[in-house]
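A structural walkthrough
Below, each chain spelled out in residue letters.
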Amino acid sequence: MVDKILMVICDGLGDRPVEALGHKTPLQSAFRPHLNNFAMGGACGIMDLIAPGIRPGSDTAHLALFGFDPYKVYTGRGPFEAMGVGMEVRPGDVALRCNFASVDDKLSIVDRRAGRIKEGTAELAKALDGWEYEGVKVYFKEGTEHRGVLLLRAPGLSPAISDGDPHEEGRKVPLVEPRAPDAALTARVVNAFVSRSHAILKDHPVNRQRVAAGLRPANIILPRGAGIMPHLPSWKDRFGMKAAAIAGVALVKGICRVTGMEVLEVKGATGGLDTDMNAKVEAAMKALRDNDLVFVNIKAADLCGHDGDHKTKTAVAARIDKAMGLLWKDFPEDTYLALAADHSTPCCVKDHTGDPVPLAIFGRGVRTDDVKTYDEIACARGGLGRLRGTDLLQVMLDLTERTEKFGA
Ligand code: ZN
Ligand code: ZN
């Protein structure tokens, strides 16, 4: 029997020292006996998900964790934005980030964010979703506030088109132009969609109510940042492995799905602060029985980082510890655990930074080092040194004897 791999990624867990915490990071401040056990019994290090000083998005970070070079497979944010709002994205789909915007009768842009619209976008999006033009299937879904995603599905689409958003108010809505001969169809469909969006949205009840209330109407869609979903070879094709994932947020679920993981639905796993971490860890332990690799993303710490809330982030780290106690208590003999984060989200920055994340690898026979606690500072002294995101999977494959010898 070949050993199994368990990856537990605590989204945005990495941080910087916080003055109010006595210059400790939230993770260092948290009561975390089980996380420390994994570090103490394991091999530790720090990891730059992309490269030192590069600020990863959750999407590019996860691509790296799954062994893909994000610089090769990430052509534009669109497809990953689509996954983020929970759309199904298939290889070859072209997707664009969009704004709900306000235009006047001459299609001059009055407001690129439609008065920062917050409500009613789901209804507006529904009126645009599910259309076909020149054989291309067209889907649209709202995101947060004034944002949305346009997704095109047909064989042979190219994302090489200009933006349909001049990024400036007072200008006319520009026609999208193809930047390569094979992008003409994509450009025609996007232009047709933009015209149609105005035709449908200008008299939509949601907008009539907005105008009556003295608010700007969301009467057009401005698309930009076209990208194509690359074909990512499956775990089965790459390594002959069966892989499953447990994640709360749509973006991470989407990336797991396009790499051929089975995404398991866990009751109470929300991707929010209220997520049931114990249920996630328990589900992962169960999934290890019939998978070669199980991936878990726990989102909560990232949310606290974006909010700049070090108190809650510390509490979240302690909750992660408690959940990981379940794994510690019953750690499966045949499993190697990689415990890490997908990036740092320091409370003082309120966004992702390039600070490396703490990494502990635990399992039978790993080279235990002198690190006694799981945190950003202690792990830097560990035996794994400083890895890159794409190295991690390779190291795990090697520990579980799945790698080919290079040379004789
Ligand atoms: Zn993340
Ligand atoms: Zn984040």
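What you are looking at is a predicted structure, and each value in this text was computed from that prediction instead of being measured.

1. Quick notes on the sheet that holds strand 1 (residues 4-10)
Taken in spatial order, the 8 strands make up an open sheet running 10-9-11-1-12-13-2-14, and their pairing is mixed. Each edge of the open sheet carries a strand with a single partner, namely strand 10 (262-263) and strand 14 (385-388). Alignment of strand 2 (residues 43-48) against strand 13 (residues 357-362), held across 5 bridges, turns out to be antiparallel. Within the sheet, the bridge partner assigned to M47 lies in strand 13 and is V357. Along the sheet, helix 3 (residues 58-65) makes contact with strand 1, strand 2 and strand 11 (293-298), crossing strand 1 at roughly 160 degrees. Strands in contact with helix 14 (residues 389-399) are strand 1, strand 2, strand 11, strand 12 (335-340), strand 13 and strand 14; relative to strand 14, the strand with the most contacts, it is inclined by about 105 degrees.

2. What about the domain arrangement of the protein chain?
Size of an interface, as often reported, equals the accessible area lost when the parts are brought together. The assigned domain composition of the protein chain is domain 1 (4-74 + 231-399) and domain 2 (81-227). Distance from the C-alpha centre of domain 1 to the C-alpha centre of domain 2: 35 Å. Facing the 6 residues of domain 1 at the interface are 6 residues of domain 2. In total, domain 1 and domain 2 occlude about 450 Å² of area from one another, counting both sides; carbon and sulfur atoms represent 77% of this. The three residues of domain 1 that bury the most area against domain 2 are A250, L251 and V258, which together make up 66% of that side's buried surface. At the junction of domain 1 and domain 2, the tally comes to 0 salt bridges. Remark: the boundary between domain 1 and domain 2 carries 1 residue pair in polar contact (both at pLDDT 80 or more). Class assignment for the residues of the side of domain 1 that touches domain 2 results in 4 nonpolar, 2 polar and no charged.

3. Quick word on the coordination of the zinc ion (ligand 2)
The zinc ion (ligand 2) binds to the protein through D302 (OD), D302 (OD), H306 (NE2) and H352 (NE2), with metal-donor distances spanning 2.0 to 2.5 Å. Around the zinc ion (ligand 2) sit 4 donor atoms, and with donor-metal-donor angles ranging over 56 to 143 degrees the site reads as irregular. Sequence positions of the residues that donate to the zinc ion (ligand 2) give the spacing D-x3-H-x45-H. Metal-to-metal, the separation of the zinc ion (ligand 2) and the zinc ion (ligand 1) is 4.7 Å. Remark: H352 occurs in the loop between strand 12 and strand 13 and H306 occurs in helix 12 (residues 300-307); sequence separation between them is 46 residues. You can call H306 partly exposed: its relative accessible area is 30%. Look at H352 and you get buried, because its relative accessible area is 11%.

4. Overview of the coordination of the zinc ion (ligand 1)
Of the protein atoms, only D11 (OD), S58 (OG), D342 (OD) and H343 (NE2) coordinate the zinc ion (ligand 1), at distances of 1.9 to 2.0 Å. With relative accessibility at 7%, the residue S58 sits in the buried group.

5. Comments concerning unusual backbone geometry
With the exception of glycine, the majority of residues adopt a negative phi angle, and the majority of peptide bonds are in the trans configuration. Of note in the backbone geometry, H167 takes a positive phi value of approximately 60 degrees without being a glycine. Structurally, H167 can be placed in the loop between strand 7 (147-153) and helix 7 (184-201). Even without a glycine there, the phi angle at E401 is positive, about 55 degrees. Relative to the assigned elements, E401 resides in the segment after helix 14.

6. As for the environment of D342
Mapped onto the fold, D342 is located in the loop between strand 12 and strand 13. In contact with D342, other than residues within four places in its own chain, are I9, C10, D11, G12, L49, P56, S58, A61, H62 and L65. Only 2.9 Å separates the side chain of D342 from the backbone nitrogen of G12, close enough to count as a polar contact. Here the side chain of D342 touches S58 through a polar contact of 3.2 Å, side chain to side chain.

7. Here's the deal with the packing of helix 12 against helix 13 (residues 310-329)
Put simply, helix 12 and helix 13 touch, their axes get as near as 8 Å, and they point 170 degrees apart. Here helix 13 runs roughly antiparallel to helix 12, going by the angle between their axes. Across from A300, A301, C304 and G305 in helix 12, the residues of helix 13 making contact are T312, K313 and V316.

8. Some remarks on the nonpolar core
F295, M324, L337 and L339 are the most contacted members of the largest nonpolar core, which totals 93 residues. A total of 7 residues in this core trace back to one element, the largest contributor, which is helix 11 (residues 277-287). A domain split of this core shows at least three residues from each of domain 1 (4-74 + 231-399) and domain 2 (81-227). The residues contacting L337, other than those within four sequence positions of it, are L6, V8, F38, M324, L327, F331, A360, I361, F362 and M396.

What counts, and where the lines are drawn
Residues numbered from 1 in each chain as written. Chains lettered and ligands numbered in written order. Predicted model: local features only at pLDDT ≥ 70, side-chain atom pairs only at ≥ 80, totals over all residues. Heavy atoms only, no water. Pairing = 2+ DSSP bridges. Helix = DSSP H or I, 4+ residues; strand = E, 2+ residues; numbered from the N terminus. Contact = heavy atoms within 4.5 Å. Axes fitted to C-alpha atoms, helices over the stretch in contact; angles between N-to-C directions. Domains from an automatic or database assignment. Buried area = accessible area lost by both parts, 1.4 Å probe. Salt bridge = Lys/Arg side-chain N within 4 Å of Asp/Glu carboxyl O. Polar contact = N/O pair within 3.5 Å; in protein donor to acceptor, adjacent residues only side chain to side chain. Nonpolar A, V, L, I, M, F, W, Y, C, P; charged D, E, K, R; others polar. Donors = N, O, S within 2.8 Å, 3.2 Å for Na, K, Ca; no water. Tetrahedral: all angles 85-135°; square planar, octahedral: opposite > 155°, others 65-115°. Buried < 20%, exposed > 50% of the residue type's maximum accessible area, 1.4 Å probe, protein only. Parallel < 35°, antiparallel > 145°, perpendicular 65-115°, else oblique. Core = buried A, V, L, I, M, F, W, Y, C linked by side-chain atoms within 4.5 Å.

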